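Structure at a glance
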Amino acid sequence: YDMVQEQLKEMGYDVNMSLYPSYENENTNSANLSMPLYTGGRLENQRKTARYRLNAADLTLENSRQQVKYQAAQAYYQVLQRASLITVQEEAVQLLQEHLRTVSVQYEVGTVAKSDVLATNVQLANSQQSLNTAQGNYQTAVAQLNNIIGLPVNTEIAASDKIDFVQYDLSEDTCLDYALAHRPDGIAAVYVVKQAEAQTAAAKSGYRPNVNAVVQGSMSGENVFGANHTAEQWAVGLQMQWNIFDNGVTSANVNQAKAAERRAESVAQQQIETIQLEIHSAYIALKTAEKNIEVTASAVDKAEEEFAIAQIRYVEGVDTNLNVMDAQTKLAEARNNYYSALYSYNPSKAKLDQVIGLPISLDSVRYVKAEQEGKSSPKSLEAATV
């Protein structure tokens, strides 16, 4: 201090250096806090966009559950159908074996030609081959079911061989009305439209100013967060930014958002048309299966009677072995048709349940109602849980 003060005096300055403290370090701290007060609707619509995106995701997940349920049901009914076809072929083999014994006895006593024995053996071999094919198809169906439900493909499954036929009483119009109100993918498409509308509104915020509340402060000193060198300085105020000339950037963003909005509306309309087509197709398939069950059940009764008569006539010597073989083929075909119709009905019903949007984990109508009441996605899920 003394040396510096002497030099200052020589220069003509009378300064008392003892009034200025000595220091080696200086720490400067500053803080800036900004809170948006008005963004022209940008933040509000960005929150809506995220919210609608989450709503659509919730409903898309429910739609995936419904698809998985249908796939599992379809695979399970296929296993039952393949098992029933094994039974049909086993019965066919058994009938031919019994008929072969009858033919062999008659051949030994000389009442029929050897050609009858040969023809019966050929028919029996063909039925045995059909049985082998049915058993292979059953194993394939079991592997497919295991794959869908997440089990190793070689897992043994004890599937029930009993299946009930319940008449479907709902009309096609009723199914369509229910689907339009409950299909989660249809409602998700509507939320995608809302999301696009919110994005358009957010893009239009570029035409408007932004107003922020601002707080700024600074201090410096020898120590961290100290203010012993200079006084603390704080400022509070409002800050407005308005990009009046942006060379058409905002306009381009708005046009892009509007194009996305029109596309979302087109996809939503296409989804409605898809729902209508799926309902119509599934309903026709269900009603066709119902009619086929009745027709094929009657055909089985008649084929069994025809085969029994043909056997009796053959034993009595008034009919040919060819007619017996023909009656047996018709009986096996009638039984195959009956089980195919029976097990086609249940997958058709499962398909109709899926395309009308039958709830698995959440009711779409209750979910939409909760969302429109302003509830968050978790609260809406809780309110719509089935």
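Keep in mind it's a predicted model, so treat the numbers as computed, not measured. (Residues numbered from 1 in each chain as written. Predicted model: local features only at pLDDT ≥ 70, side-chain atom pairs only at ≥ 80, totals over all residues. Heavy atoms only, no water.)

In this section: the pattern of salt bridges. Applying the stated rule across the entire model yields 12 salt bridges. The shortest N-O distance in the salt bridge between Glu306 and Lys330 comes to 3.8 Å. Taken together, the residues span a long stretch of sequence, with Glu306 in helix α6 (residues 249-315) and Lys330 in helix α7 (residues 321-355) at a distance of 24 residues. Accessibility expressed as a relative area gives 35% for Glu306, which makes it partly exposed. A salt bridge links Asp326 to Lys330, with the shortest nitrogen-to-oxygen separation between them at 3.3 Å. Within this pair, Asp326 and its partner Lys330 are both found in helix α7, separated by four residues, close to a single helical turn. By relative accessible area, which is 35% here, Asp326 ends up partly exposed. A cluster of three or more residues bridged by salt bridges with shared partners is formed by Glu91, Glu304 and Arg335. (Salt bridge = Lys/Arg side-chain N within 4 Å of Asp/Glu carboxyl O. Helix = DSSP H or I, 4+ residues; strand = E, 2+ residues; numbered from the N terminus. Buried < 20%, exposed > 50% of the residue type's maximum accessible area, 1.4 Å probe, protein only.)

In the structure shown here, the tally under the stated rule is four aromatic pairs. Ring centres of Tyr76 and Tyr77 lie 6.2 Å apart, and the angle between their planes is 65°; on these two criteria the pair is classed as edge-to-face. Between Tyr339 and Tyr343, the ring centres sit 6.4 Å apart and the planes meet at 25°, which makes this aromatic pair stacked. In this pair, Tyr339 and Tyr343 both sit in helix α7, four residues apart, roughly one turn of the helix. What makes Tyr339 partly exposed here is its relative accessible area of 25%. Note on Tyr343: relative accessible area 4%, which makes it buried. An aromatic cluster is present here, built from Tyr338, Tyr339 and Tyr343 joined pairwise through their rings. Of note, Lys351 hangs over the ring of Tyr70, and the distance from its end group to the ring centre comes to 4.9 Å. (Phe/Tyr/Trp six-rings, centres within 6.5 Å; stacked < 30°, edge-to-face > 60°. Lys NZ or Arg CZ within 6 Å of the ring centre and 35° of its normal.)

Topologically, Ser84 is positioned in helix α2 (residues 42-108). Among all residues touching Ser84, those that are not within four sequence positions of it are Tyr339 and Tyr343. (Contact = heavy atoms within 4.5 Å.)

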